[in-house]
Every structure is written in C-alpha cells, then in structure tokens.
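# Overview (structure and organization)
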Amino acid sequence: MDWVISDELSLTVGHVVGWVSAGAIIVGGVVPYIPQYRQIKKTQDVEGFSLLVCLALLIANTLRIMFWFGKHFEYPLLVQSLIMNVAMFMMIHLCVRVRNRNQLVQARQRLFT
C-alpha cells in the first residue's frame, strides 16, 4: 500500500521517487562538466581537456535524439540528450575561445566580403 499525501492530488511516494529520479537522470550527465567549465573559465587554461570527448558525446546524444523520432522512449532521456548537447556546445565554445585567446601568434582577422 502506497502512502498518499492527498486524495485530491493522489501524490504517492512512488510518484515523488519517480520525479526525483527523473530529475537526477536529466541533470546527472551535465553535473560533472560544471566544475570543469568553471575551472577553465577561471584559469583560462584548457590543458588536459579533450574536445574529442565533447565530439563523442555530441554524436551519441544527437543519435539518441534522432532515434527518438523513430521509436519514442522516456522523456527524461530525451531531455537529458538535449541538455547534454547544449552543455557540450557551451564547453566547445569556451575551449575554442580560450585557446584562441591564448595563441602565441594570433592570425590576422579575416572578414568575409
């Protein structure tokens, strides 16, 4: 027998645990990259961070999103893939900006006309 908070809401412990675990699935993949992002931004040094990891995760999550259109699966996994893609693009943007700023010989700015 499930514990019920209110008959009107029919909110049970199972529902709460389900929502908490779905939230953990959604943000759980991005959490490890938050300290890395902050450290790279603070130190302005991308040494030791591989953009190939971002590439692999972008490909994997994009394939998961594309697979969802063929066979629908749980929404938390779809949202996790979308959030991971946004996070990876943010990491790539930061890394490219920091590497560009730290180049010894900066290339001449070119404008497309």
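Residues numbered from 1 in each chain as written. Predicted model: local features only at pLDDT ≥ 70, side-chain atom pairs only at ≥ 80, totals over all residues. Heavy atoms only, no water.

Moving on to the overall build of the chain. Regarding its fold elements, the chain presents 4 helices and 0 strands. The burial tally for the chain puts 23% of its 113 residues in the buried class. When contacts within the chain are restricted to residue pairs at least 6 apart in sequence, those whose partners lie at least 24 apart make up 62%. When the accessible surface of the chain is summed, it comes to about 9000 Å², and 67% of that surface belongs to carbon and sulfur atoms. (Helix = DSSP H or I, 4+ residues; strand = E, 2+ residues; numbered from the N terminus. Buried < 20%, exposed > 50% of the residue type's maximum accessible area, 1.4 Å probe, protein only. Contact = heavy atoms within 4.5 Å. Areas by Shrake-Rupley, 256 points an atom, 1.4 Å probe, with all protein chains shown as cover.)

For the structure on display, the rule yields 3 aromatic pairs. For the ring pair Phe-67 and Phe-73, a centre distance of 6.2 Å and an interplane angle of 20 degrees mean the geometry is stacked. Ring plane angle 75 degrees and centroid distance 5.5 Å describe the contact between Trp-68 and Phe-69, whose orientation is recorded as edge-to-face. Classification of Trp-68 by relative accessible area gives buried; the value is 13%. Assessed through its relative accessible area of 62%, Phe-69 is described here as exposed. Through successive ring pairs, a cluster of aromatic residues spans Trp-68, Phe-69 and Tyr-75. (Phe/Tyr/Trp six-rings, centres within 6.5 Å; stacked < 30°, edge-to-face > 60°.)

Another aspect to go through is the state of the cysteines. Disulfide: a covalent bond connecting the sulfur atoms of a pair of cysteines. Enumeration according to the criterion identifies 0 disulfides in this entry. The cysteine Cys-54 is free of any disulfide, with Cys-95 supplying the nearest cysteine sulfur at 6.2 Å. (Disulfide = S-S within 2.5 Å.)

Looking at where Met-90 falls in the secondary structure, it is placed in helix H4 (residues 75-101). Along the primary structure Met-90 and Tyr-37 are separated by 53 residues, whereas in three dimensions their C-alpha atoms are 8.6 Å apart.

Let's shift gears to the UniProt feature "transmembrane region" (unreviewed entry) in the chain. The sites that carry the UniProt feature "transmembrane region" (unreviewed entry) are, in the present numbering, residues 12-34, 46-69 and 75-96. The distance from the first to the last C-alpha atom of residues 46-69 is 36 Å, and the span holds 79% helix and 0% strand. Between the C-alpha atoms that bound residues 75-96 the distance is 32 Å, and the span itself is 100% helix and 0% strand. (UniProt positions renumbered as here; feature names shortened; annotations may be inferred.)

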